[in-house]
Amino acid sequence: MKRFPFWSWLWVLIGGTYFLAPLIGTFIFALEKDRETLGFAAFASALSDPLFLTTFTFSFELAVLTIIISIVLIVPTAFVIHLYLPRVRPLIDFITLLPFVIPAIVLTFGLIRTYSHSLNLGFARIPALTELSTETLLVGGYMILALPYMYRSIDNGMRAMDVRSLTEAGQSLGANWFAILWRIILPNLQTSVVSGALLTFAIVVGEFTLSGFFVGDQRAFGPYLVIVGNHKAFDAAALTLLSFGLTWIAMIMIQWVTRGEQASLSGAH
């Protein structure tokens, strides 16, 4: 008989407990807003706040925009590196790891110092940034913060397939570069792209430093969550669980859509 993988299941149990215990504790804490009984008053209070939907929608839109632009820029770049510039790959790997080394606060003040017309270190006034340029800078900053995750996911996906053979096959059939990327390379990178997109989404929705300095707690979800946590602990716990649940719903929807596309592609072949 096959031996029971005791140690494997033990580590799975420990990892699951480490992951679920904080969520269960947060959920129980949120239910204790009414001291005498357990209830969903904290969730009702959090959902009734109009800033919840406003800030989450704003961060959600920026996350989607960040994901789209990152894919448009990183996929062709990684494709060219794998196909023509393999010797440059160590340098690119080093550059993509820099966001892990440089703190987000350094990036924030660097963007403010570079792109704003005025900067008062006493925070007496907000830097003179227009609404459009503020959102543009936020997306650019989010792309930098998510660069290690998105690039690594796409790079690993390209390492797992023969980019040169696929490109030559497409060229032999008369496909141009855009068709090769769109119809050959990108469909084979769906899992990698979805993984990078989910990590990027989680980073943008929960990010505090960039959004806190650029748009404040009235527009972005991360600063709003921190402000609520400073004044309403039970509502903050409920908001944390709600944002976690919405993030997982988005992940499941993306995975479901991607699985449907992969099934259609395999059926076409």
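Residues numbered from 1 in each chain as written. Predicted model: local features only at pLDDT ≥ 70, side-chain atom pairs only at ≥ 80, totals over all residues. Heavy atoms only, no water.

### Observations concerning the packing of helix H3 (residues 50-84) against helix H9 (residues 177-188)
Running from N to C, H3 and H9 cross one another at 95°; their axes reach a closest spacing of 12 Å. Relative to H9, H3 is oriented roughly perpendicular. Listed contacts from H9 to Val75, Pro76, Phe79, Leu83 and Tyr84 of H3 are Trp177, Ile180, Leu181, Ile185 and Leu186. For the contact of H3 with H9, a count of residues per class yields 10 nonpolar, no polar and no charged. (Axes fitted to C-alpha atoms, helices over the stretch in contact; angles between N-to-C directions. Helix = DSSP H or I, 4+ residues; strand = E, 2+ residues; numbered from the N terminus. Parallel < 35°, antiparallel > 145°, perpendicular 65-115°, else oblique. Contact = heavy atoms within 4.5 Å. Nonpolar A, V, L, I, M, F, W, Y, C, P; charged D, E, K, R; others polar.)

### Remarks on H9
Because an α-helix packs 3.6 residues into every turn, residues spaced three or four apart end up facing the same way. Taking 1.5 Å as the rise per residue, H9 with 12 residues should run 16 Å; its terminal C-alpha atoms sit 16 Å apart, in good agreement. When we look at burial in H9, the residues that qualify are Ala179, Ile180, Ile184 and Ile185. Taken end-on, H9 shows its buried residues confined to a sector of 145°, consistent with a single buried face. Exposed positions of H9 whose direction lies more than 90 degrees from the buried face are Phe178, Trp182 and Arg183. Regarding H9, its N-cap is Asn176, as a side-chain oxygen of that residue lies 3.4 Å from the backbone nitrogen of Phe178 further along. (Expected span 1.5 Å × (residues − 1). Buried < 20%, exposed > 50% of the residue type's maximum accessible area, 1.4 Å probe, protein only. Arc of directions from axis to C-beta. Polar contact = N/O pair within 3.5 Å; in protein donor to acceptor, adjacent residues only side chain to side chain.)

### Some points on the side chain of Glu207
Relative to the helices and strands, Glu207 is located in the loop between helix H10 (190-206) and helix H11 (209-214). Buried within the structure, Glu207 lacks any salt-bridge partner; its nearest side chain of opposite charge belongs to Arg219, at an N-O separation of 13 Å. A distance of 2.6 Å separates a polar atom in the side chain of Glu207 from the backbone nitrogen of Leu210. If we skip the residues at most four places from it in the chain, Glu207 touches Tyr142, Leu145, Gly222 and Pro223. (Lys, Arg positive; Asp, Glu negative; His and termini not counted. Salt bridge = Lys/Arg side-chain N within 4 Å of Asp/Glu carboxyl O.)

### Details of the pattern of salt bridges
The tally for this structure, following the rule as stated, stands at three salt bridges. A salt bridge links Asp155 to Arg159; its shortest N-O distance comes to 2.7 Å. Here Arg159 and Asp155 lie together in helix H7 (residues 131-159), a separation of four residues that amounts to about one turn. Residue classification places Arg159 among the partly exposed residues on the basis of a relative accessible area of 43%. One connected set of salt bridges, linked through shared partners, spans Asp93, Asp155 and Arg159.

### Considerations on the side chain of Thr66
Considering the arrangement of structural elements, one finds Thr66 in helix H3. Assessed through its relative accessible area of 0%, Thr66 is described here as buried. When neighbours within four sequence positions are excluded, Thr66 is seen to be in contact with Val139, Tyr142, Met143, Thr200 and Val204.

### Things to note about helix H1 (residues 6-31)
Its 26 residues place the ends of H1 36 Å apart at the C-alpha level, agreeing with the 38 Å of an ideal helix rising 1.5 Å per residue. In H1, a bend of some 30° at Leu20 exceeds every other bend along the element, and Pro22, a proline, comes one to four places later. (Bend = angle between axes of the 7 residues up to and from the residue.)

### So, the confidence of the model for the protein chain
Detailed reading of the predicted coordinates is not advisable wherever pLDDT falls low. This prediction gives the protein chain a mean pLDDT of 80; 85% of its residues lie at or above 70. Within the model, the stretch residues 118-128 combines pLDDT values under 50 with 12 contacts to residues more than four positions away or in other chains. In the predicted structure, residues 263-269 sits below a pLDDT of 50 and forms two contacts with residues beyond four places in sequence or in another chain. (pLDDT = per-residue confidence, 0-100.)

### Brief notes about the environment of Gly141
Looking at the secondary structure, you find Gly141 in helix H7. Between the C-alpha atoms of Gly141 and Ser211, which are 70 residues apart in sequence, the distance is 9.5 Å.

### A word on the packing of H3 against H10
Contact pair H3 / H10: the axes reach a minimum separation of 9 Å and the direction vectors enclose 145°. The way H3 lies across H10 gives a crossing that is right-handed. Here Phe56, Ser59, Phe60, Leu62, Ala63, Thr66, Ile67 and Ile71 of H3 come into contact with H10, specifically with Val193, Ala197, Thr200, Phe201, Val204 and Val205. Here the residues of the contact of H3 with H10 sort into 11 nonpolar, three polar and no charged. (Left-handed = near helix turned anticlockwise from the far one by under 90°.)

### Details of the nonpolar core
Within the largest apolar cluster, 56 residues are counted, with the highest numbers of intra-cluster contacts made by Leu138, Ile154, Met158, Ile185, Leu189, Leu210 and Phe214. Looking at which element gives the most residues to this core, the answer is H3, with 13 residues. Discounting chain neighbours no more than four positions away, the residues touching Leu138 are Phe58, Leu62, Leu210, Ser211, Phe214 and Val215. (Core = buried A, V, L, I, M, F, W, Y, C linked by side-chain atoms within 4.5 Å.)

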